[in-house]
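The primary structure of each chain is shown beneath.
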Amino acid sequence: MKKLFITLVMAVIAFNVTAQIDRTKQPKPGPAPKINLSEPNTFQLKNGLKVMVVENHKLPRVSIQLDIDNPPILEGSKAGVSDLMSSLLGNGSTSIEKDAFNEEVDFLGATINFGAQSAFASSLSKYFPRILELMADAAINPNFTQEEFEKEKAKIITGIKSQANDVSAIASQVQRALAYGKNHPFGELTTEETVNNVNLIDVEGFYRDYFVPENAYLVVIGDVEFKEVKKLVTKAFTPWTKATPPSLSFTKPKDVQYTQINFVDMPNAVQSEVAVQSIVELKMKDADYLPALVANQILGGGGEGRLFLNLREDKGYTYGSYSSLGSDKYEPVRFNAYAQVRNQVTDSSVVEILNEINRMVSEPVSEKELKNTKAKYAGRFVRALERPQTIANYALNIEKEGLSKDFYKTYLERINAISVDEVKAAAQKYFTVDNARIVVTGKGSDVVENLEKIKFNGKAVPVLYYDKTAEKSEKPDYSAAIPEGTTATSVLEKYIEVIGGKAKLDGVESYAMLAEAEMQGMKLELEMKKTSKNQFLQDVRVMGNSMQKQVIDGDKGYMMAQGQRKDLSEEELKKLKEESAAFPELNYLLAGGVSLEGVEAVGDKKAFKLKVTDEKTVFYDIETGLKLQEVSIQEAQGQSFTSTIGYSDYREVSGIKFPFGISQTTGPQKFDFIVKEIKVNDGVNAADFE
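A.B. asks: Is there a simple way to explain the packing of aromatic side chains in this structure?
C.D. replies: Evaluation of the coordinates by the stated rule reveals 22 aromatic pairs. Judged by centre distance (4.8 Å) and plane angle (45°), the ring pair of phenylalanine 206 and tyrosine 210 falls under tilted. Here phenylalanine 206 and its partner tyrosine 210 are both found in helix α8 (residues 200-210), four residues apart, which amounts to about one turn of the helix. A relative accessible area of 8% means that phenylalanine 206 is categorised as buried. The exposure class assigned to tyrosine 210 is buried, which follows from its relative accessible area of 9%. Considering the side-chain rings of tyrosine 511 and phenylalanine 658, the 5.3 Å spacing of their centres and the 55° angle between planes classify their relative orientation as tilted. Taken together, the residues span a long stretch of sequence, with tyrosine 511 in strand β15 (residues 510-519) and phenylalanine 658 in strand β26 (residues 656-666) at a distance of 147 residues. By relative accessible area, tyrosine 511 is classed as buried at 8%.

So this is what it looks like as structure tokens:
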């Protein structure tokens, strides 16, 4: 009975307490949680190397991180020397040849990697002494040989050549070069010429000058004991010769005097790379560092950022639009708001990005945006604390950036205290629309006319032209004359003739093609079969499993995606039939209606531009007559996007020329297919289209 009485009393008390809570009002947030960060044990060698040890005995693993905190290094006419040095580091040492070194690391199940100013190793803790010894040996006594130097040099040059027509790669390097200047470490270009200027002696000299312990930090994390680490590190790294890196000076980058568009013409671009950028001086120890990060997060930090919500969710211009705000204790860095957008909306995208930056500068953010952003930072911060690596990185930042000892202990408290006014003040300081450099890299013949019409805040935005090396250039001439007597019909007839002739093509009753591409390290297969009887099969497979399949058999057809089948509608069937013809050009001639729109550049070639329909354009090489590219506008989920197919490497099969190189670009995705097999009038039967 006594127990029952006590239960009833407690229930009444609970009821009364509950009754006093006003549930119409949102409860006030509690104080930010206290962050208890254990500081790493530290010591320093006489040569200058600073060592931090974070003990964590949860797992029998250990990681070793070497970070050399030198100021930025200008490589000048030998740009690429640091890349060559980093590729040669870790190839054994003067006492252990490359193969023996790599075999031992693999045998121990460990990892050792080097950068130009860094190194990293990880292993089971029982192998820590040997892995530390190997890492130190490779770092202090590098095995630089002429043979390996020549191999790595060839690799870098091959990489540079492969990026010559890569729109994203060119856009990135030009954005940096224009922002900082090519005589600044952050803006200089590594070219085939500068790499060829580098000799092995230059790599050795760069190593001696800059791979030194003066500004170096070694961080050891994992299942280790501090005393043992100190003993082993002292033995392994004391031979590292004490040295001070050379002091360099260069002109500091500045913003342009007025907002302008810097355009880089890339005729092979299927979409435009847009970047609105400016120079900022922001350091982690600045009082407004955290408000600046919050301002950038609200503008373009992710899927909830204003740029993303505007350009993707509202306008459907792009797959994503974001912004970034750098910080550096040595040099000014960039604020950058960017997107990859369809050619047709390049000018509109520029204006919308400027509008969103202007809103951040001129209007306060909403309390809801600020609250959600604070919650994101808090969540990330707390989750990151679960990793021992985080503790090490925080300690490293405190040392390198000159932060207060309680910088991370009070992090959440300071994030929660940020006000709307502080966010606006940070945006006004670090974002600008008055001195912004808008770098657009894209297909000039499609976008320049509208870019030159842009006005912002009532003022025209001038367009200046640059080449792929960030040098000023003249406006490209897009008005190439069509040779007299050339028509859409003559272009189509020439194409048909050069690939084999009408009689040959008419004799093709079927053909089968198999091609392969790489997708994130996996093999992507494309199988295609066509007949002269309105039969068509296209099957895309990943690792042997069908991911997307389309089939037509006369007046019926279906598509399958990840095991789900859907019959084609009349409209879908009609469109797919147009694509399913073995040689569509034969149908173009019969149907008519194809118009010759002009001459345009496709990559480094001039091509006739034929408009087949309002949604499809095809380009044919002026010199060879071969088809180079097809561009189609497609609809999906209420948004339109551009799909581009490029054709190259034509080879003869059964007397007909087929492209053995097929690249397909849709939005941000690009696949380069290599044709493995083509069969003419063979390898196709009725069962393929069931």
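A.B. asks: Can you walk me through the packing of helix α2 (residues 81-88) against α8 in this structure?
C.D. replies: The description of two packed helices rests on the angle between their axes and on the distance between the axes. It is the contact of α2 with α8, at a shortest axis distance of 9 Å, that shows an interaxial angle of 85°. Here α8 runs roughly perpendicular to α2, going by the angle between their axes. Here Val81, Ser82, Leu84, Met85 and Leu88 of α2 lie close against α8, whose contacting residues are Leu200, Asp202, Val203, Phe206 and Tyr207. Here the contact of α2 with α8 is built from residues that sort into eight nonpolar, one polar and one charged.

A.B. asks: What is the right way to look at helix α4 (residues 128-140) in this model?
C.D. replies: An α-helical turn contains 3.6 residues, so a residue and the one three or four places further along point in the same direction. Helix length check: α4 (13 residues) gives 18 Å between terminal C-alpha atoms against 18 Å at 1.5 Å per residue, within 8%. In terms of residue burial, α4 counts as a mostly covered element, since 10 of its 13 residues are buried. Buried within α4 we find Phe128, Ile131, Leu132, Leu134, Met135, Ala136, Asp137, Ala138, Ala139 and Ile140.

A.B. asks: Help me understand the pairing of strand β6 (residues 216-222) in this model?
C.D. replies: For β6, a buried count of seven out of seven residues is recorded, marking the element as mostly surrounded by other parts of the structure. Both faces of β6 are covered, namely the face carrying Ala216, Leu218, Val220 and Gly222 and the face carrying Tyr217, Val219 and Ile221. Here six bridges tie strand β2 (residues 50-55) to β6, and the two strands are oriented parallel to one another. Directly across from valine 53, in β6, lies its bridge partner valine 220. Of the strand pairs in this sheet, strand β3 (residues 61-68) and β6 are connected by seven bridges, and their pairing is antiparallel.

A.B. asks: Teacher, can you tell me more about the packing of helix α12 (residues 346-362) against helix α17 (residues 444-451) here?
C.D. replies: Interaxial distance between α12 and α17 falls to 8 Å at its minimum, and their mutual angle equals 50°. In terms of orientation, α12 lies oblique with respect to α17. Together, Thr346, Asp347 and Val350 of α12 and Val447, Asn450 and Leu451 of α17 make up the contact between the two elements. Partitioning the contact of α12 with α17 into residue classes produces three nonpolar, two polar and one charged.

A.B. asks: What exactly am I supposed to notice about the sheet that holds strand β10 (residues 333-342) here?
C.D. replies: Two strands in a sheet stick together by hydrogen bonds in their backbones, pointing the same way (parallel) or opposite ways (antiparallel). Spatial ordering of the open sheet is given by β9-β10-β8-β11-β7-β14, a layout of six strands whose pairing is mixed. Two strands lie at the open edges of the sheet, namely β9 (318-325) and β14 (463-466), each paired on one side alone. Going across the sheet, the axis of each strand differs from the next one's by a mean of 20°, ignoring polarity. Judged from the four bridges that link them, strand β7 (residues 260-265) and β14 form a sheet pairing that is parallel.

A.B. asks: Honestly, the sheet that holds strand β5 (residues 118-124) in this entry has me stumped. Any pointers?
C.D. replies: The sheet built from six strands is open, its strands ordered β1-β2-β6-β3-β5-β4 with mixed pairing. For this open sheet the edge positions go to β1 (41-44) and β4 (111-115), each flanked by a neighbour on one side alone. Averaged over all adjacent pairs, the angle separating strand axes in this sheet is 10°, with direction ignored. Bridge analysis of β3 against β5 gives seven bridges, and the strand direction is antiparallel. Bridge assignment links valine 62 to a residue of β5, and that residue is serine 123. Contacting β1, β2 and β6, helix α9 (residues 226-237) runs over the sheet at an angle of about 25° to β1.

A.B. asks: Would you take a moment to explain the side chain of glutamine 260 for this structure?
C.D. replies: With respect to the element layout, glutamine 260 can be found in strand β7. Within the structure, glutamine 260 has its side chain in polar contact with the side chain of asparagine 262 (distance 3.0 Å). Discounting residues that sit within four places of it in the chain, glutamine 260 has contacts with Ala436, Arg437, Ile438, Val461, Pro462 and Leu464.

A.B. asks: Teacher, can you tell me more about the environment of aspartate 223 here?
C.D. replies: Its location among the elements puts aspartate 223 in the loop between β6 and α9. Judged by its relative accessible area of 26%, aspartate 223 is partly exposed. Distance in space between the C-alpha atoms of aspartate 223 and serine 172 is 41 Å, their sequence separation being 51 residues. In this structure, aspartate 223 is in contact with Asn56, His57, Leu59, Pro60, Arg61 and Ser125, ignoring residues within four places of it in sequence. A polar atom in the side chain of aspartate 223 sits 2.7 Å from the side chain of histidine 57.

A.B. asks: Hey, could you run me through unusual backbone geometry in this one?
C.D. replies: Outside of glycine, negative phi angles account for most residues, and trans bonds account for most peptide bonds. The phi angle at methionine 543 is positive, at roughly 55°, despite the residue not being glycine. A relative accessible area of 55% means that methionine 543 is categorised as exposed. One non-glycine residue with positive phi stands out, namely aspartate 649, at about 50°. With respect to the element layout, aspartate 649 can be found in strand β25 (residues 639-653). According to the relative accessible area criterion, aspartate 649 is partly exposed, its value standing at 39%.

A.B. asks: When you look at helix α6 (residues 167-180) in this model, what are you seeing that I'm missing?
C.D. replies: Here α6 is 14 residues long and its end C-alpha atoms lie 20 Å apart, about the 20 Å a rise of 1.5 Å per residue gives. Most of α6 is tucked away: 11 of the 14 residues are buried. Among the residues of α6, those classed as buried are Val167, Ala169, Ile170, Ala171, Gln173, Val174, Gln175, Ala177, Leu178, Ala179 and Tyr180. Each element contacted by the buried residues of α6 is listed here: β7, β8 (271-280), β10, β11 (437-442) and β14. Looking at where α6 begins, the residue whose side-chain oxygen comes 3.1 Å from the main-chain nitrogen of serine 168 is aspartate 166.

Definitions and cut-offs
Residues numbered from 1 in each chain as written. Predicted model: local features only at pLDDT ≥ 70, side-chain atom pairs only at ≥ 80, totals over all residues. Heavy atoms only, no water. Phe/Tyr/Trp six-rings, centres within 6.5 Å; stacked < 30°, edge-to-face > 60°. Helix = DSSP H or I, 4+ residues; strand = E, 2+ residues; numbered from the N terminus. Buried < 20%, exposed > 50% of the residue type's maximum accessible area, 1.4 Å probe, protein only. Axes fitted to C-alpha atoms, helices over the stretch in contact; angles between N-to-C directions. Parallel < 35°, antiparallel > 145°, perpendicular 65-115°, else oblique. Contact = heavy atoms within 4.5 Å. Nonpolar A, V, L, I, M, F, W, Y, C, P; charged D, E, K, R; others polar. Expected span 1.5 Å × (residues − 1). Pairing = 2+ DSSP bridges. Polar contact = N/O pair within 3.5 Å; in protein donor to acceptor, adjacent residues only side chain to side chain.

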